[in-house]
Amino acid sequence: MVDRYQALTALWLGALTVATWPVVQAAAGPGLPLLGIVAHVCGMLAGYGVLVLLVLMSRAPALERGVGADVLARWHSWGGRLVVGLVVAHGWAATAAWAQARGLGLLGAGWEILGMPGLVAATVGTLIMLVVAGMSARAARKRLRHETWHGLHLLMYLAIALSFSHMLAGPDLAGHLILQIAWALSYTHVYALVLRYRVLAPLRQATRHRLRVTEVRAEGAGVVSILVEGQHLQELHAVAGQFFRWRFLTPDHWLNAHPFSLSAAPTATTLRLTVKALGDGSRNLQNLPVGTWVVAEGPYGAVTSARRTQRNVLLIAGGVGITPMRALFESIPLNPGEDLLLLYRARTAEELIFRNELEDIAQRRGARITYLLGDGRDSLSPTSLQQMVPDLPARDVYMCGPPGLMTAVRTSLHRTGLPPEQLHEEQFSF
């Protein structure tokens, strides 16, 4: 597996190499104006950045389990903004440099540039990229259904394909056959990763494991557990704390993969997820027909018992974030003399889910549960945490819940002196 520090080191070394090449070219040649150098550096970095973005979302297991799906998603989000900025800077600097060299206005220079090899397709690709980027902005995305946004986001693959010939024909690679071949092979390899792990692996798993919904059970208001049965599920090597991207093969859901954590420890024949109605997609899953075929991509996620470093463990759950914590509460190793404590926060007792299951698990395993009810967050303040868990800095802490609550809890844990490496979570808000 590749951890985040190794991945970041490789990413930045690649960026440095790619950015240096146009400067070396300019120094060895007749010389370029500053605008030309800016255009070349931004263009090369944008092409490299696209490659990185594809790798981050390829769902390669080495990255998903080593770096973490949440970290990869945030890097992809930040990197996407950076790449769009580089593309815009490249286009502006290249047009301005050509206008300066030819004594033309920007419009006239832009018209001449469009006549160069691959520039019309690259321009169309850039426009598609800008439209998708605009739809991905936080304000715009809030107005779109997730399914609509996801469909628009897939247009990025078309934008990259339209721009590829311009990358190879650009002045930094043109005339350097070995570099052109290396660049083309890099893109081919990354597209193969995407095809393998996002298309072929799920199809192979669907054929091998033959997953079907066998029960949809109400857990509370707007919350259901979906039991999925299949064959040879031990081959998935799934563990508590991980999640799958579930694709339910009904007319309403087959186009979208929904990421949900396991809410019970997996067995050789069953997987269980629990869904709260938070949007159109999850709301429609409340009435999923028994017998529905399922394609499950995964398992993903690194917040598992393998991250544990201390004898005693604290689990913190807020709202529907109880789902992965319930699976860990059931299965995390617990030896004599070790303490496992679950803090479960909800607004009211009626919003608690799995209550009977959790209490049965606690009694059977000798673990403890504390329910924290109410609208305020004082129950998870530094003072409250220290009172409830006096040995907190000597524990591993796993947590999952709404982003706002988890931000507050993260601050509280830091103030209690918990070492950062003992906090285990996945954050999917960015």
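Going by the structure above, here's the rest.
Overview of the structure. (Residues numbered from 1 in each chain as written. Predicted model: local features only at pLDDT ≥ 70, side-chain atom pairs only at ≥ 80, totals over all residues. Heavy atoms only, no water.)

### Concerning the overall build of the protein
- Check the secondary structure of the protein and you find 14 helices and eleven strands.
- Principal axes of the C-alpha set define a box for the protein whose edges measure 80 × 50 × 40 Å.
- For the protein, the proportion of its 430 residues judged to be buried stands at 44%.
- As displayed, the protein offers around 21,200 Å² of accessible surface, 63% of which is attributable to carbon and sulfur atoms. (Helix = DSSP H or I, 4+ residues; strand = E, 2+ residues; numbered from the N terminus. Buried < 20%, exposed > 50% of the residue type's maximum accessible area, 1.4 Å probe, protein only. Areas by Shrake-Rupley, 256 points an atom, 1.4 Å probe, with all protein chains shown as cover.)

### Some words on a nonpolar patch on the surface
- A surface patch of nonpolar side chains, amounting to about 410 Å² of accessible area, comprises Trp111, Leu114, Val120 and Val124.
- By relative accessible area, which is 39% here, Val124 ends up partly exposed. (Patch = residues over 30% accessible without salt bridge, like charges linked within 9 Å, V, L, I, M, F, W, Y side chains within 5 Å. Salt bridge = Lys/Arg side-chain N within 4 Å of Asp/Glu carboxyl O.)

### Some points on the pattern of salt bridges
- Within the structure shown, the criterion is met by 17 salt bridges.
- With a shortest N-O distance of 3.2 Å, Glu297 and Arg247 are connected by a salt bridge. A residue pair is termed long-range when its members are at least 10 positions apart, and Glu297 in strand E6 (residues 293-300) and Arg247 in strand E3 (residues 243-248) qualify at 50 residues.
- Glu330 serves as the salt-bridge partner of Arg326, at 2.5 Å between the closest nitrogen and oxygen. Taken as a pair, Arg326 and Glu330 lie in helix H11 (residues 322-331) at a separation of four residues, close to a single helical turn.
- By relative accessible area, Arg326 is classed as buried at 6%.
- Salt bridges here are not isolated pairs; linked through shared partners, they connect Glu215, Arg217, Glu219, Arg272, Arg326, Glu330 and Glu357.

### Looking at helix H8 (residues 155-169)
- Within H8, the axis deviates most sharply at Ser163, by approximately 35°.
- Regarding H8, the residues found buried are Met156, Ala159, Ile160, Ser163 and Met167. (Bend = angle between axes of the 7 residues up to and from the residue.)

### Describing the sheet that holds strand E7 (residues 312-318)
- As summarised here, the arrangement of the five strands in space is E9-E8-E7-E10-E11, forming an open sheet in which the pairing is parallel. A strand with exactly one partner marks an edge of an open sheet, and here the two such strands are strand E9 (368-373) and strand E11 (423-424).
- In this sheet, E9 lies alongside strand E8 (residues 340-346) in parallel orientation, the contact comprising six bridges. Residue Arg345 lies in a different strand from E9, and its bridge partner there is Leu372.
- Contacts from helix H12 (residues 355-365) reach E8 and E9 within the one sheet, and its direction differs from that of E9 by about 150°.
- Seen against the sheet, helix H14 (residues 403-415) touches E7, E8, strand E10 (395-400) and E11 and runs at an angle of roughly 165° to E10. (Pairing = 2+ DSSP bridges. Contact = heavy atoms within 4.5 Å. Axes fitted to C-alpha atoms, helices over the stretch in contact; angles between N-to-C directions.)

### Brief notes about the sheet that holds E6
- Spatially, six strands are ordered E4-E3-E6-E1-E2-E5 in an open sheet, and the strand pairing comes out antiparallel. The sheet is open, and its two borders are formed by strand E4 (258-261) and strand E5 (270-276), each paired with just one other strand. Pairwise comparison of adjacent strand axes, ignoring direction, gives a mean angle of 35° for this sheet.
- Bridging between strand E1 (residues 211-220) and E6 involves two bridges; their strand directions are antiparallel. Opposite Arg212, over in E6, you have Trp293 as the bridge partner.

### Let's talk about the environment of Ala99
- Summarising the element assignment, Ala99 is placed in helix H3 (residues 61-102).
- Under the relative-accessibility criterion, Ala99 is labelled buried at 7%.
- Discounting residues that sit within four places of it in the chain, Ala99 has contacts with Leu104, Gly105, Leu106 and Ala109.

### Some points on the side chain of Glu219
- For Glu219, the location among the structural elements is in strand E1.
- The class for Glu219 is buried, based on a relative accessible area of 18%.
- In terms of polar contacts, Glu219 uses its side chain to reach the side chain of Arg217, at 3.3 Å.
- Within the local environment of Glu219, its side chain forms a polar contact with the side chain of Ser225, the two groups lying 2.7 Å apart. (Polar contact = N/O pair within 3.5 Å; in protein donor to acceptor, adjacent residues only side chain to side chain.)

### Notes on the environment of Leu405
- Within the fold, Leu405 resides in helix H14.
- For the pair formed by Leu405 and Gly319, sequence separation is 86 residues and the distance between their alpha carbons is 9.7 Å.
- Those residues in contact with Leu405 that lie beyond four places of it in its chain are Gly318, Arg345, Arg377 and Leu380.

### So, unusual backbone geometry
- The peptide bond linking Gly298 to Pro299 adopts the cis configuration, its omega dihedral lying at 5°.
- One can find Pro299 in strand E6.
- A positive phi angle, near 65°, is found at Phe354, a position not held by glycine.
- Of note, Phe354 is situated in the loop between E8 and H12.

### With respect to the nonpolar core
- Counting 36 residues, the largest nonpolar core has Leu45, Val67, Trp75, Trp183 and Tyr187 as its most contacted members.
- When residues of this core are traced back to their parent elements, those giving at least two are helix H1 (4-28), helix H2 (34-56), H3, helix H5 (119-136), H8 and helix H9 (177-209).
- Contact partners of Val67, with chain neighbours within four places excluded, come to Val2, Asp3, Arg4, Ala7, Ala62, Leu72 and Trp75.
- One finds Val313, Ala317, Ile322 and Leu352 within the second-largest nonpolar core, a separate group that totals 24 residues. (Core = buried A, V, L, I, M, F, W, Y, C linked by side-chain atoms within 4.5 Å.)

### Description of the packing of H2 against H9
- For the pair H2 and H9, interaxial distance at closest approach is 9 Å and the crossing angle is 25°. Considered as vectors, H2 and H9 are oriented roughly parallel to each other. Seen from above, H2 lies across H9 with left-handed handedness. Packed against H2, whose contacting residues are Met44, Gly47, Tyr48, Val50, Leu51, Leu54 and Val55, the element H9 presents Trp183, Ser186, Tyr187, Val190, Tyr191 and Val194 at the interface.
- When the residues that make up the contact of H2 with H9 are grouped by side-chain class, the tally is eleven nonpolar, two polar and no charged. (Parallel < 35°, antiparallel > 145°, perpendicular 65-115°, else oblique. Left-handed = near helix turned anticlockwise from the far one by under 90°. Nonpolar A, V, L, I, M, F, W, Y, C, P; charged D, E, K, R; others polar.)

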